[in-house]
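Inside the fold
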Amino acid sequence: IRVQWNFSIVYSDTYGVPVLYFRVQTLDGSPCERSKVLEWLPKQSIDDSWDFISQEEHPTNGLPSYFLHPCQTSSRLKELLLSTSQNASILWAWMSMIFPTVNHSIPPSFYKDILSKLDDL
């Protein structure tokens, strides 16, 4: 099955963190079922149940979308920022933590380039 993934980032006022929303559909526009989407995502651990992936209406475009539930994001993000000596922005740190969940990553060279530009500010 050939599918199209559409991603967006929306800030959650409730949790105070960015939230990754994504829509997965076949090329004819039919949405993919959650069970299929979960099969395509990388396994984080043997015990991972993917309970943090929910489905709801996208807050800005109204389309049914999956999202990574932000309930633990704030505490994990704080741990990540404390463990680095870099002057990383919260958004870049969040992306490095969240993107691998959906088979994407920020190339290290790109991340280092951004960090050096932030340091120059």
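Look up a bit, the structure's there.
I will try to describe carefully the structure that is included in this document. From a predicted model like this one, the values you see are computed outputs, not experimental measurements.

With that settled, consider the side chain of Ser65. Within the element layout of this structure, Ser65 appears in strand S4 (residues 64-68). Of the residues examined, Ser65 reaches a relative accessible area of 3% and is grouped as buried. Here Leu63 takes part through its backbone oxygen, which lies 3.1 Å from a polar atom of the side chain of Ser65. Once residues lying within four places of it in the same chain are set aside, the contact partners of Ser65 are Tyr21, Phe22, Arg23, Ser54, Gln55, Glu56 and His58.

The next subject is the nonpolar core. The biggest cluster of nonpolar side chains holds 19 residues, and the ones touching the most others in it are Leu20, Phe22, Val37, Ile53, Trp94 and Phe99. Listing elements by their share of this core, those giving two or more residues are strand S2 (17-26), helix H1 (34-40), S4 and helix H3 (90-98). Looking at this core, the element that brings in the most residues is H3, giving 5 residues. Beyond its immediate chain neighbours, meaning those up to four positions away, Phe22 contacts Trp5, Asn6, Phe7, Val37, Ile53, Ser65, Tyr66, Phe67, Leu68 and Val102.

Enumeration over the complete set of coordinates arrives at 5 aromatic pairs. An angle of 40 degrees between the planes, with centres 6.0 Å apart, marks the rings of Phe7 and Phe22 as tilted. One end of the pair, Phe7, is in strand S1 (residues 3-12); the other, Phe22, is in strand S2, and 15 residues separate them in sequence. Taken together through their ring pairs, the aromatic side chains of Trp5, Phe7, Phe22 and Tyr66 make up a single cluster.

The next thing to look at is the pairing of S1. One face of the sheet, then the other: side chains in a regular strand alternate in exactly this way. Relative to S2, S1 runs antiparallel, the two sharing 10 bridges. Bridge pairing in S2 places Ser12 opposite Val17. The antiparallel hairpin formed by S1 and S2 contains 4 residues in its connecting segment, where Gly16 sits at a positive phi of about 70 degrees.

Turning next to the pattern of salt bridges. Tallied over the full model, the rule gives 1 salt bridge. For Glu39, the salt bridge goes to Lys36, with nearest N and O atoms at 3.5 Å. Of the two residues, Glu39 and Lys36 both sit in helix H1, 3 residues apart, roughly one turn of that helix. Under the relative-accessibility criterion, Glu39 is labelled exposed at 51%. Lys36 sits in the partly exposed class, given a relative accessible area of 34%.

Another point: the environment of Tyr11. As for its position among the elements, Tyr11 is in strand S1. Taking C-alpha positions, Tyr11 is 10.0 Å from Pro70, a pair spaced 59 residues apart along the chain. Apart from the residues lying within four places of it in its own chain, the contact partners of Tyr11 are Gly16, Val17 and Pro18. Polar side-chain contacts of Tyr11 include one of 3.2 Å to the backbone oxygen of Gly16.

Calculation criteria
- Just so you know, the residues in each chain are numbered from 1, in the order the chain's sequence is written.
- Confidence filtering applies because this is a predicted model: local features only for residues at pLDDT of at least 70, side-chain atom pairs given and counted only at 80 or more, and all residues used for totals across whole chains, interfaces and linings.
- The basis for every side-chain value is the complete set of non-hydrogen atoms in the structure, without hydrogens or water.
- Note on conventions: DSSP H or I runs of at least 4 residues are helices, E runs of at least 2 residues are strands, and numbering of each starts at the N terminus.
- Each residue's exposure class comes from its accessible area (1.4 Å probe, protein chains only) as a fraction of the maximum for that residue type: buried when under 20%, exposed when over 50%, partly exposed otherwise.
- In protein, a polar contact requires one atom able to donate a hydrogen and another able to accept it; more generally it is a pair of N or O atoms within 3.5 Å, and residues adjacent in sequence count only if both atoms are side-chain atoms.
- Pairs of residues are marked as contacts when any of their non-hydrogen atoms sit within 4.5 Å.
- Among the buried residues, those of types Ala, Val, Leu, Ile, Met, Phe, Trp, Tyr and Cys that are joined through side-chain atoms within 4.5 Å form a nonpolar core.
- Stacked, tilted and edge-to-face are the three classes assigned to paired rings of Phe, Tyr and Trp, where Trp is represented by its six-membered ring and a pair needs centres within 6.5 Å; plane angles under 30 degrees give stacked, over 60 edge-to-face, the rest tilted.
- In this description, strands pair whenever DSSP reports at least two bridges between them.
- Within this document, salt bridges are pairs made up of a side-chain nitrogen of Lys or Arg and a carboxyl oxygen of Asp or Glu, the two lying within 4 Å of each other.

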